[in-house]
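What the coordinates show
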Amino acid sequence: MGKLMEQFLKDWWSVIVAVIAFAVWLVRLEYRANQNTRDVANLERRLAEQRREDNELRARDWAGMTKQLAALSEKVDRIPEHIIALLRSTK
């Protein structure tokens with residue numbers, strides 16, 4: 001039996017090593033695929049958070065600009081009144 005095993009290993013050692021190496025490669029490949037899946041999920045979560053923050057900042061900025069434009073519009077609307085008052089004061 002020992003001789004038979006020894007002969008078997010001599011004849012098939014390269015195939016056995018190749019199968020073991022292939023199995024190790026498959027395990028590493030599966031690990032990397034799982035890691036990539038986790039990385040993509042983390043990136044998607046971070047992107048969603050960044051979008052939410054950007055939308056909040058954009059809303060705040062638009063609200064500020066709307067207030068400033070309203071104030072500017074009021075001032076522009078008063079220009080004719082100031083011009084008329086200035087013209088009356090010079091008569």
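Residues numbered from 1 in each chain as written. Predicted model: local features only at pLDDT ≥ 70, side-chain atom pairs only at ≥ 80, totals over all residues. Heavy atoms only, no water.

Counted by the stated rule, this structure contains two aromatic pairs. Relative to Trp25, the ring of Phe22 has its centre 5.9 Å away and its plane inclined at 25°; by these criteria the two rings are stacked. Taken together, the residues Phe22 and Trp25, both in helix H1 (residues 2–89) and three residues apart, mark about one turn of the helix. (Phe/Tyr/Trp six-rings, centres within 6.5 Å; stacked < 30°, edge-to-face > 60°. Helix = DSSP H or I, 4+ residues; strand = E, 2+ residues; numbered from the N terminus.)

This next bit is on H1. For H1, built from 88 residues, the straight-helix expectation of 130 Å at 1.5 Å per residue is met to within 8% by its first-to-last C-alpha distance of 123 Å. The axis of H1 is deflected most strongly, by about 65°, at Trp12. (Expected span 1.5 Å × (residues − 1). Bend = angle between axes of the 7 residues up to and from the residue.)

Once that is clear, we can look at the pattern of salt bridges. Within this structure, the stated rule accounts for four salt bridges. A salt bridge links Arg45 to Glu49; the nearest nitrogen and oxygen atoms lie 3.2 Å apart. Residue Arg45 and its partner Glu49 are located together in helix H1, separated by four residues, close to a single helical turn. By relative accessible area, which is 33% here, Glu49 ends up partly exposed. For Arg52, the salt bridge is made with Glu56, and the minimal N-O distance between the two is 3.1 Å. (Salt bridge = Lys/Arg side-chain N within 4 Å of Asp/Glu carboxyl O. Buried < 20%, exposed > 50% of the residue type's maximum accessible area, 1.4 Å probe, protein only.)

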